[in-house]
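What follows is each chain in one-letter form.
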Amino acid sequence: MKTKFSVALLILIGFFTSCKDEKSIDNLKVVTPEEVDTSFKVTLKAIVKKQDDFALFYTEDGSINFFDVKPIWMGVKPSETEQDITFSLPEDVYPTQLRLDLGLNKDQEDIIIKGITFSYKGKKFEAMGANFFNYFRADENQCTADVATGTIKAVVKDGVRKGPSLYPHEVPLSKELQNLGK
C-alpha cells in the first residue's frame, strides 16, 4: 500500500511540476500587418559642410514651371561625410518633375552629390554617382556641376554667391517617376 501511495504521490508531483512551456496570453507578441508608407519620398545623398536649408520643388502636371509651387524645405546639418536629406511630399501628391535648390547659406562650401533615391509604396529607384546627372542638370546661372566628382559649385557674381539649383532632365526623370508609380 505504501508503494501505491508513493507512486501516486510521485505522479501527482510530476503532474503539478511538469516542464510545459505554456505562455500567458499577456506575453504573446501581437503581429500586425506592415503598414506601407504611401507618401512619395526623395532622399538626396550629399556632403554638405555647413548648416543650410535645401528645398525640393515639384510639379504634378509634367511641366517644369516651378515658380508657382510651394517647395518643401529641409534643414541640413553640417557634415564632412555623406548624409541623407529626405523630403516627404504630402500624402496625396505624386510628382511628375522635381527641382532641387541646394541652400541659402552664402558661406556654404562646394556640395558633393553622391546620389538620389525616390521611394513610393515600398518601391524605389536610385541614381547614384554620375548616374544622378542623367536625371538632373545644373542651372548654369546659379551653379556648375562636375559630373565625375558630383561637385556642385555655386556661381559667384559681383562677390555674391548664388543659390545652386538642379533642374530635371525632363524626359528621363519623368519616365522613372512614371515607372515608380505603376
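Because the structure is predicted, anything quoted here is derived from the model rather than measured. (Residues numbered from 1 in each chain as written. Predicted model: local features only at pLDDT ≥ 70, side-chain atom pairs only at ≥ 80, totals over all residues. Heavy atoms only, no water.)

> Would you explain the side chain of Gln108 in this entry?
Looking at where Gln108 falls in the secondary structure, it is placed in the loop between strand E5 (97-101) and strand E6 (111-120). Within polar-contact distance, the side chain of Gln108 engages the side chain of Asp52 at 2.9 Å. Not counting residues within four places of it along the chain, the set of residues in contact with Gln108 comprises Val48, Lys49, Lys50, Gln51, Asp52 and Arg161. (Helix = DSSP H or I, 4+ residues; strand = E, 2+ residues; numbered from the N terminus. Polar contact = N/O pair within 3.5 Å; in protein donor to acceptor, adjacent residues only side chain to side chain. Contact = heavy atoms within 4.5 Å.)

> Explain the side chain of Ser174 to me, please; I cannot follow it from the model alone.
Mapped onto the elements, Ser174 comes out in helix H2 (residues 170-181). Looking at Ser174, the relative accessible area reads 18%, which means it is buried. With sequence-adjacent residues up to four places away left out, Ser174 is seen in contact with Thr96 and Gln97. (Buried < 20%, exposed > 50% of the residue type's maximum accessible area, 1.4 Å probe, protein only.)

> What is the right way to look at the pairing of strand E4 (residues 83-88) in this model?
Looking along a regular strand, one sees the side chains alternate between the two faces of the sheet. Only one face of E4 is covered, namely the one carrying Gln83, Ile85 and Phe87; the face carrying Asp84, Thr86 and Ser88 has none of its residues buried. By the bridge criterion, six bridges tie strand E1 (residues 41-47) to E4 in an arrangement that is antiparallel. From the neighbouring strand, Thr43 faces E4, where its bridge partner is Thr86. (Pairing = 2+ DSSP bridges.)

Spatial relationships are all this shows, so hold off on functional conclusions.
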